[in-house]
Structure formats: C-alpha cells, structure tokens
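# Secondary and tertiary structure notes
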Amino acid sequence: MADDPLGRFVGIWVVDFEFIARPGERPDPVCLVAREVRTNRLIRVWRDELAALPAPPFPVDENTLYVAFSASAELSCHLALGWPFPAQVLDAHVEFINLINGLPQRFVKGGTSQLAALAHFGLSAITSEEKAQWRKRILEGPPFSRDEAVGILDYCQTDVDGLAALLPRLVQRLSPRSHWADHALLRGRYVKAVARMEHTGVPIDVAALGKLVSNWAEIKVALIDQIRAEYPLWEGATFKHDRFEAWLIGKRIPWPRTEAGRLSLSRDTFKEMAKAYPIVAPIREVRENLSSMRLSDLAVGSDGRNRTSLFPFGTKSSRNAPSNSRFVFGPAAWLRALIRPTRGRALAYLDYSAQEVGVAAALSGDEALQRAYDSGDPYMSFAVDAGLAPAGATKRSHETIRSLCKTVVLATNYGQQAQALAERLDISVLQAKQLLQAHRRTYGRFWQWSQAAVDTAVLTGHVDTIFGWRLHVTPDTRVTSLLNHPMQSNGAEMLRLACIFAVEAGISVCAPVHDALLIEAPVAEIEVAIERTRACMARASRIVLGGREVGTGVDKVVRYPDRFMDARGVRVWELVVGLLERQAA
Amino acid sequence: MTIENINGTAPTEAAEDGWLASIALRQDYAETAGVEKVLVSVPFRKPNKDEFFRVHPSPSNRLDIVLVEFKTERELFVAMGGVEGALLELSTPARLFLCVNRQGTVFVWPAKLPLTDRRRNDEWRTSALEVARLAETSWVRAHADMNLGAYQPFRAQMDLGAPKWPELSFAAILKLALKGDRVIDSMDHWAVKQHLGQV
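Residues numbered from 1 in each chain as written. Chains lettered and ligands numbered in written order. Predicted model: local features only at pLDDT ≥ 70, side-chain atom pairs only at ≥ 80, totals over all residues.

Right, let's get into helix H4 (residues 122-135) of chain B. Residue and element names in this part refer to chain B. Between its first and last C-alpha, H4 extends 20 Å over 14 residues, near the 20 Å set by a 1.5 Å rise per residue. Among the residues of H4, those classed as buried are Arg125, Ser127, Ala128, Val131, Ala132 and Ala135. Residues of H4 that are buried in the fold lie against strand E1 (53-55), strand E4 (91-101), strand E5 (106-112), strand E6 (140-145) and strand E7 (150-155). (Helix = DSSP H or I, 4+ residues; strand = E, 2+ residues; numbered from the N terminus. Expected span 1.5 Å × (residues − 1). Buried ≥ 20, exposed ≤ 12 C-beta atoms within 10 Å, placed from the backbone. Contact = placed C-beta atoms within 7 Å.)

Listed below in structure tokens is the structure:
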C-alpha cells in the first residue's frame with residue numbers, strides 16, 4: 001500500500017502491560033496483552049508466564065512496528081523482564097499530543113489520556129471509574145485470584161483494543177504532515193531512550209534524605225530564622241498573609257492579586273516580583289526552599305535511586321515535564337545535594353552552553369549573532385557589537401554592562417518590551433528602549449527571521465520543529481510565546497537526539513535536565529564517558545543546526561564520596577547540615 | 001523509512017546523519033515566510049532633534065517644490081498648479097529629501113532652500129542643506145541651536161552600518177508622504193479657504 005505510511009511494516013503489534021508501580025521502583029509487570037492489527041491475532045500473558053519468557057511473544061525486529069500508549073512504561077516492563085527492546089516504536093500518546101498541541105482546552109477536553117484520545121475521535125471506551133477501579137486493584141498487588149487475573153487481562157485488553165481503534169485515526173490525521181512517519185519513529189526512538197534513563201535513575205544519599213525527612217520541622221524553622229528578624233512574616237513556620245500585606249504597604253510595593261482579591265502567592269508571582277523588587281527575593285528564596293520541598297514525594301526506590309516518569313513531550317515546546325516534587329531536579333536547588341554517586345562511581349553533569357542563543361544564531365543565519373555565539377561569550381560580544389563596550393572588553397572588565405546585555409539578549413527571545421525590561425534591570429524605560437534597539441540593529445537578520453517565523457506560524461496556523469513537533473497557533477496563542485518557540489522546541493529536538501545517541505552508545509544516562517544530561521560511570525571511566533557524551537551532544541547539534549555546533553560544558557564531575565552541589569544551594573545545604581550536626585551532638 | 005530498514009544493517013554515523021538531514025523540515029523562515037514589508041505611511045516632516053538619520057545621496061531621490069507652511073496650525077503643504085502666487089506670504093522654495101532613521105522609518109524631509117534676496121533666517125536654511133549633505137554619507141542628527149541661529153549637526157562616530165532604503169521609487173514614496181490633502185492645487189483646498197477666512 002503505497003499510501004499507507006506504516007505499510008512498510010510486515011506486522012503492527014499494539015501492546016499494553018499492566019504493572020505495579022511503586023514510587024521510585026522499577027515496574028513489576030502483572031500481565032501483557034498484544035494484538036497484531038492486520039491479522040487480529042491476540043496474545044494474553046499472565047504474570048507468572050511473563051517471568052518465564054526470555055523475549056516478547058511477538059516479533060520485535062526492524063519490520064515490525066510496536067505501538068503503545070505512553071510507551072516508556074511498556075518499555076520499562078521489557079527492561080524489568082530482561083527482554084530486548086522493539087526496533088521500531090510508535091508512541092500513540094506522544095502522537096496524540098503532537099496532534100492537539102497548542103489547541104485551546106475547549107477542543108481537547110479531558111487531557112491527553114488514552115480515554116481522552118478515544119473520546120476525541122468519538123470512539124467508545126470503558127469508563128474512567130472502571131479504569132480507576134482496576135488500577136487500584138493492580139496497585140494493591142498479589143495475590144490475585146483466578147477471577148481477578150481474568151478480569152485484569154480483560155481490562156488490559158480493553159486498552160489494547162482501544163488503542164487498535166485509535167491508531168488508524170491518528171495515522172489518518174497525522175500522515176498528511178511531511179515525513180510524519182519518520183518523525184514519529186524518531187520520537188519513538190527517544191521514548192526508548194527515556195525508558196532506559198528512567199530505568200537507570202539518579203543515585204540518592206538515602207541516609208541524608210532520611211535525616212532531612214525526620215528533622216524537617218526543625219529545618220523549616222531554621223530556614224525561616226535566617227531572615228525572620230528582617231522579615232517578620234512567619235509565625236513559627238506559617239506564612240502570615242496579613243503580616244505580608246502590611247509589609248507590602250509599608251514598602252509601597254504594588255502586589256498582584258487573585259481574582260478573589262487575595263494577594264497572589266504563586267511561585268510565578270514571587271519570581272516576577274523578586275526580579276522587579278529585589279527586597280522581595282529573600283522571602284521568595286525561603287518560600288521556595290520550604291514549599292517546593294515535600295520530601296516524602298521524592299520518588300526514591302529501594303535501590304536508592306530517584307526514578308520517576310520524565311513525561312517526555314509534556315510541554316508545548318516538547319521538552320520533558322517530570323513532576324517537580326517527585327524528580328530530584330524539581331525542588332529547590334539545595335536539595336540536589338542529595339544526589340550522590342555510589343561507591344566506586346562518578347557522576348557528570350554536561351550542558352549545552354547558551355543553547356537558545358546558539359540555536360537562534362544558526363537557524364536565523366545571522367552571521368553577527370553567530371560570531372557573537374562563537375566568541376564563547378555572546379553577551380559580552382553583543383555589548384561590543386552594539387558599541388556599549390570597547391573592543392576587548394571582558395566579563396571581568398565590564399561586568400555590569402555584560403550583565404545588562406545578558407538580560408537583554410535573553411529577554412529579546414521572549415519578546416520582552418522596554419517597560420518590563422526597565423523594571424527588571426532597574427533602569428529607565430528610555431535606556432531599555434535603546435538597549436532593545438541596539439539588539440535589533442546589531443542582529444537585524446535574526447529579527448527578520450524571528451518575525452518571519454511568527455508570520456509563518458500565524459499564516460499557516462502552526463509552527464513545526466525540524467523533526468515535525470507541531471504547535472498549533474490559534475487566536476488564543478500569545479505572540480510572545482511564539483517568538484521563543486523555535487529556539488526552545490528545536491533545542492528540545494537537539495537534547496532528544498543527544499539522549500538517543502548517548503543511550504544507544506551504552507552511556508549510562510541518569511536523567512536529562514532541560515538542556516543538560518546527568519551521566520554516570522565507574523570513577524576510572526568517567527572522563528571517557530564525558531568525552532563520548534560530549535561527542536553525542538555535538539553530533540545532535542550539528543544535525544539540528546545544519547552543521548553548526550552549540551558548545552557543551554562539563555558543569556560538574558562528582559566522584560564518590562562527594563555529593564552533587566548546585567552553587568545556588570550551597571549556603572542552605574550547609575545551614576541544614578550544621579543544624580543536623582548540632583542536633584546529633 | 002529509517003536507515004536501518006533501508007540497509008537491513010546498522011548504519012554508519014554519517015549515513016544516519018544524512019538520513020536525518022533528509023527528513024528535516026526547513027526552519028529558514030526568512031526565506032519561506034511569504035511576507036514582505038509594505039510601505040503605506042511616510043511621514044512628511046523635519047528630522048527630530050534626537051534622531052540619527054541618513055539622506056539618500058541620489059539626485060533622483062529629491063525634488064524642489066514650493067512649500068506652504070501654516071505656522072499657526074504647524075502644517076506643511078506642497079503648492080502646485082499655479083496657486084503659489086495666491087499664497088505668496090506662506091510659500092517658500094524647498095527641497096524634498098528621502099530620509100531613513102536608525103529605526104528604519106522612512107520619511108520625507110522638506111528642507112527650505114536659501115532665498116536669493118538673502119532675507120533673514122538664511123543661516124537656518126543654509127545649515128539645513130549642510131546637514132543634508134553630511135547625512136548623505138554619515139549618520140547625523142541635527143539640533144536647532146538658537147544661539148548659533150543655525151542647525152548644528154552631530155555625526156555618529158561609530159560605524160552604524162549602511163542605511164536600508166525602501167525599494168519603492170521616490171515618486172511612489174512622495175505619493176505616500178503627500179497622500180490625503182497635503183498638496184494644494186486649487187484655491188478650493190480647505191487650507192486655503194481657512195487661510196482666507198472663507199470657512
């Protein structure tokens with residue numbers, strides 16, 4: 001079938017596992033149901049039989065397509081069972097998100113679950129209550145009665161049959177897109193890498209975590225006590241709204257309110273207000289350290305590794321969206337000190353340098369911006385190119401102007417206007433206008449490309465990444481969000497390729513973190529692993545940027561018994577350690 | 001089709017990179033957007049005192065005209081079609097220059113020409129032409145220096161790059177700059193009637 005984008009495959013197997021998933025643990029498979037969609041051949045395998053199988057009971061070669069909904073979970077079951085991975089994977093969940101990404105809520109009721117996808121196409125399914133009931137029973141774990149086993153297999157089969165019905169609808173809607181099938185399989189390849197990374201997990205100092213959990217009440221008070229004298233806004237460990245309101249009035253700070261008229265205390269509000277009013281920053285820091293830290297939510301398995309779903313393609317730009325409370329890189333920076341390699345092992349944190357600027361320069365073809373990026377310090381280069389600093393100026397000699405220029409360069413990616421920039425930098429609006437104009441003049445080609453990208457998005461109703469991740473553009477879409485989208489979303493493509501190359505090269509990747517990778521190796525091999533990973537990252541960059549390379553840096557190398565320390569969290573970590581030591585004494 | 005499927009064997013890195021390049025979607029929006037800037041408004045004014053600007057050096061991008069200035073209303077018009085005589089005390093010869101500022105805004109500058117009978121204000125007019133001549137090759141701003149009684153030009157010291165000129169012809173740009181009722185070509189023009197107390 002020449003018109004069938006999946007016609008190249010001899011077999012298409014729709015697969016679903018039921019499994020027990022405890023926080024931080026690898027999955028414990030309960031059953032498998034798989035159906036070949038052309039022959040309708042059905043396979044049902046219960047728990048005890050699964051463990052005895054050395055490989056999946058269906059082909060996983062290059063000519064067979066493996067289809068699953070949130071396939072990283074199914075692939076994690078392969079790893080748990082010691083089965084090989086399928087060669088070709090299509091994740092129907094990822095493709096459903098790609099189909100609806102950016103559409104207003106009224107078009108995509110019910111989120112992105114399989115039930116929501118079936119409802120989207122008007123296909124019947126079991127009720128969410130029925131599904132929740134079966135999930136609850138499975139999570140309760142064995143022993144399962146014979147009737148329960150049959151019931152669970154039947155339930156699992158409803159998902160498989162639902163997915164078999166969903167697949168042709170997805171293919172019909174998505175296949176008109178240029179190279180869709182190739183792009184979908186590339187995304188499937190990333191999902192395989194995700195399963196490996198989730199399987200690996202991040203090593204955690206479980207003893208330290210235990211101490212933090214058991215002393216959390218005292219730690220909270222100690223963190224607040226650091227600033228309590230200057231900011232008497234807490235009673236014990238409770239943030240008092242009325243005191244905060246009085247404090248704001250005293251400082252003459254206009255504070256955003258909720259629709260109900262109360263002071264907005266969201267993370268985003270504090271983040272923005274701390275930029276505009278530096279006096280607010282210490283309050284924000286303490287609140288971040290406290291509120292983002294629900295330690296009991298941190299998903300750590302019995303093997304001492306933080307392991308949680310990375311939620312690939314979970315954001316509009318297609319970056320991962322792991323849970324902030326379950327993923328160790330989610331909460332406050334000081335908690336990353338809980339990351340610690342085990343005996344004989346080492347960790348390395350490698351990131352792309354100023355990835356957004358590098359992507360912007362390469363994709364726009366702005367040679368001036370490319371030169372600035374290639375200089376190694378695009379912010380200082382902008383200052384020089386715009387005549388704001390003399391030739392030869394460095395970060396050390398012109399720190400203030402570099403800092404201004406860094407904010408301008410990053411702000412321009414988000415379409416920030418002079419008023420907001422002036423507030424952020426504490427400069428006049430006129431000066432902010434001049435800085436923005438200087439950027440427009442210096443990097444005219446970038447601005448022309450950026451505007452053309454927005455024009456194209458608005459004219460066609462969508463914007464695609466290099467490998468076909470689509471964001472729909474509707475009247476509800478904010479233009480400022482479109483400005484940065486090509487950089488963010490193609491940067492995400494770059495990191496995905498880097499993950500694929502690194503994992504397939506046998507490098508132990510613990511987790512991707514925005515534009516960085518945390519890798520692990522024996523101490524004696526970490527330097528080699530670093531170089532191999534950097535080569536993977538550079539190759540990914542060349543592919544996405546047509547031969548250009550975004551630089552990579554080795555942000556940290558941590559060898560046992562040292563722990564991972566984020567510079568922003570050192571002070572708080574030392575404070576907490578001091579408190580714990582005093583208590584122990 | 002992935003490269004593995006084509007060959008049935010593990011691909012070389014170069015082959016795989018070539019395959020990935022073959023399925024890449026274009027991101028060069030500046031070449032493919034299908035959008036062009038359309039000039040629909042051209043200010044008809046003097047350069048602002050804080051504005052660095054350039055004057056197009058080509059003689060084909062300038063035009064000598066009779067300028068009519070209603071000082072009370074601070075409005076400028078171009079007189080044509082024999083009405084100049086009726087508005088003699090409001091009229092003066094002027095040269096229209098095609099200009100562009102640092103923000104890329106195109107405007108037409110009506111610079112008054114020196115008068116042959118050397119009446120007062122001649123230094124303002126002479127210096128304005130000097131500013132225009134300087135702006136043909138340099139980014140310049142001009143400040144009306146009351147003590148000097150002339151325009152004081154300031155030339156940018158740094159290399160600000162070449163100006164980006166519009167692709168439209170000067171005639172088409174003038175049409176935009178003078179659109180509406182900025183050309184007085186009969187005594188029925190509202191500005192003339194207002195001047196003569198007829199409305």
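Moving on, we come to the interface of chain A and chain B. Listed by partner, the interface residues are 26 residues for chain A and 20 residues for chain B. Looking at the side of chain A that touches chain B, the elements that each hand over two or more residues are helix H7 (180-200), helix H18 (429-442), helix H19 (444-460) and helix H20 (479-504) of chain A. Broken down by element, the side of chain A that touches chain B gets its largest block of residues, six residues, from H19(A). Partitioned by chemical class, the residues of the side of chain A that touches chain B number ten nonpolar, ten polar and six charged. (Nonpolar A, V, L, I, M, F, W, Y, C, P; charged D, E, K, R; others polar.)

Our focus in this paragraph is unusual backbone geometry. Residues and elements named next belong to chain A. Cis peptide bonds are those with omega within 30 degrees of zero, and the linkage from Pro142 to Pro143 qualifies with 5°. With respect to the helices and strands, the residue Pro143 is situated in the loop between helix H5 (128-140) and helix H6 (146-174). Positive phi, close to 60°, is recorded for Phe313, a residue that is not glycine. Even without glycine at this site, His514 takes up a positive phi of about 55°. A count of 14 C-beta atoms within 10 Å places His514 in the partly exposed class.

When cut into domains, chain B gives domain 1 (3-32) and domain 2 (53-195). Taken over C-alpha atoms, the centre of domain 1 of chain B sits 57 Å from the centre of domain 2 of chain B. (Domains from an automatic or database assignment.)

Residues and elements named next belong to chain A. Taken N-terminus to C-terminus, the directions of helix H3 (residues 92-100) and H6 make an angle of 40°; their axes are 11 Å apart at the nearest point. Taken together, the axes of H3 and H6 lie oblique to each other. Considering only the axes of H3 and H6, their crossing is left-handed. Along the contact surface, H3 presents Ala92, Glu95, Phe96 and Leu99, while H6 presents Leu163, Leu166, Leu167, Leu170, Arg173 and Leu174. Its residues assigned to classes, the contact of H3 with H6 shows eight nonpolar, no polar and two charged. (Axes fitted to C-alpha atoms, helices over the stretch in contact; angles between N-to-C directions. Parallel < 35°, antiparallel > 145°, perpendicular 65-115°, else oblique. Left-handed = near helix turned anticlockwise from the far one by under 90°.)

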